Amino acid sequence: PMCRYPFPKTDAQSVAALQPNADRGATWAQCDLGMRYYHGKGVDQCFEQAAEWITKAAEQGLADAQYNLSCYYFDGEGVAQSFEQAVEWWTKAAEQGVAEAQINRALTAAAAEKNELNALAHDLGYAPGTIESHIRNGIELERADGWLADGTIDKREHAIITDRIARDANRLAI
């Protein structure tokens, strides 16, 4: 462990202390060394070396390395750009609780779903967002019906909501 050695005073000394641990397969050292190559701290900046070390740690299951690798694939830094690989590594990191990966994965899924809905609308001859709006209106109508049934809203409030939904549906005219 690093605690048996004097604390490195420079970035170059940190790299020298990390290298043997990274070579032995310590994921924390591989990830740290990869980030040093990425940022050029104690070594010449090299995205390819960064990706190589981060990949070693990611393949062993280190969540932070998996997230970093997903970003490299998304941006094409040190590796060939691949959105499929980015999503794969985001998913692995997200499953281990990395919040940024969970957000990126959710945004990617939402964008894909919206693209699919817009493609379907196009195929059916409707404007983009039309199907999505109808789905949203259907959900809102179900909620309003539930609120009326449980007494959260009265008939007048329910009529206001359903009237607005009906006007929106007529505007969309499917």
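Preceding this section is the structure that the text describes.
Residues numbered from 1 in each chain as written. Predicted model: local features only at pLDDT ≥ 70, side-chain atom pairs only at ≥ 80, totals over all residues. Heavy atoms only, no water.

1. So, the overall build of the protein chain
Note the following rule: In this text, helices come from DSSP runs of H or I with a minimum length of four residues, and strands from runs of E with a minimum of two, each type numbered from the N-terminal end. The buried label applies to any residue whose accessible area, calculated with a 1.4 Å probe on protein chains only, is under 20% of its type's maximum; exposed applies above 50%, and partly exposed to all values in between. Here, residues are in contact when the closest pair of their heavy atoms is within 4.5 Å. All accessible-area figures derive from a Shrake-Rupley calculation using a 1.4 Å probe, and residue coverage is judged against the displayed protein chains alone. When charges are tallied, Lys and Arg are placed among the positive residues and Asp and Glu among the negative ones, while His and the ends of the chain are skipped. Think of each charge as sitting on NZ of Lys, CZ of Arg, CG of Asp or CD of Glu.
Summing up its helical and strand segments, the protein chain has eight helices and zero strands in all. In the protein chain, the succession of helices and strands from N to C terminus is α-α-α-α-α-α-α-α. Overall, the protein chain is about 75 × 40 × 25 Å in size when its C-alpha atoms are taken along their principal axes. Counting the 174 residues in the protein chain, one finds 33% classified as buried. For the protein chain, long-range pairs separated by at least 24 residues make up 39% of all intrachain contacts whose partners lie at least 6 apart in sequence. In the form shown here, the protein chain has an accessible surface area of approximately 10800 Å², with 54% of it arising from carbon and sulfur atoms. The centroid of the 16 positive side-chain charges in the protein chain is displaced by 5 Å from the centroid of its 26 negative side-chain charges.

2. Here's the deal with the pattern of salt bridges
Put simply, the rule reads: Criterion for a salt bridge: a side-chain nitrogen of Lys or Arg within 4 Å of a carboxyl oxygen of Asp or Glu.
With the rule as written, the count across this model stands at five salt bridges. The residue Asp-11 makes a salt bridge to Arg-36 at a minimum N-O spacing of 3.4 Å. Of this pair, Asp-11 sits in helix α1 (residues 11–23) while Arg-36 sits in helix α2 (residues 27–39), and the two are 25 residues apart along the sequence. The shortest N-O distance in the salt bridge between Lys-92 and Glu-88 comes to 3.5 Å. Residue Lys-92 and its partner Glu-88 are both found in helix α5 (residues 83–95); the two are separated by four residues, about one turn of the helix. For Lys-92, a relative accessible area of 31% translates into the label partly exposed.

3. Structural notes on the packing of α5 against helix α6 (residues 99–123)
Spelled out, the test is: Every angle, taken between N-to-C directions, lies between 0 and 180 degrees, and every axis is a line fitted to C-alpha atoms, over only the stretch in contact when it is a helix. An angle below 35 degrees is read as roughly parallel, one above 145 as roughly antiparallel, one from 65 to 115 as roughly perpendicular, and any other as oblique. Crossing handedness is defined as follows: a turn of the near helix away from the far one that is anticlockwise and smaller than a right angle gives a left-handed crossing, while the clockwise case is right-handed. For this classification, Asp, Glu, Lys and Arg are treated as charged, while Ala, Val, Leu, Ile, Met, Phe, Trp, Tyr, Cys and Pro are nonpolar and the rest, including Gly, are polar.
Two elements in contact, α5 and α6, have axes separated by 8 Å at closest approach and are oriented at 130°. Relative to α6, the element α5 is oriented oblique. Helix-helix and strand crossings are classified by hand; for α5 and α6 the assignment is left-handed. Facing Val-87, Trp-90, Thr-91, Ala-93 and Ala-94 of α5, the residues of α6 in contact are Ala-101, Gln-102, Asn-104, Arg-105 and Thr-108. When its residues are assigned to classes, the contact of α5 with α6 shows five nonpolar, four polar and one charged.

4. Side note on helix α4 (residues 63–75)
Put simply, the rule is: One less than the residue count of a helix, multiplied by 1.5 Å, gives the span that helix is expected to have.
Spanning 13 residues, α4 covers 19 Å between terminal C-alpha atoms, matching the ideal 18 Å at 1.5 Å per step. Here α4 has its buried residues at Ala-63, Ala-65, Gln-66, Tyr-67, Asn-68, Leu-69, Ser-70, Tyr-72 and Tyr-73. Positive backbone phi, at 70°, marks Gly-76, one or two positions downstream of α4.

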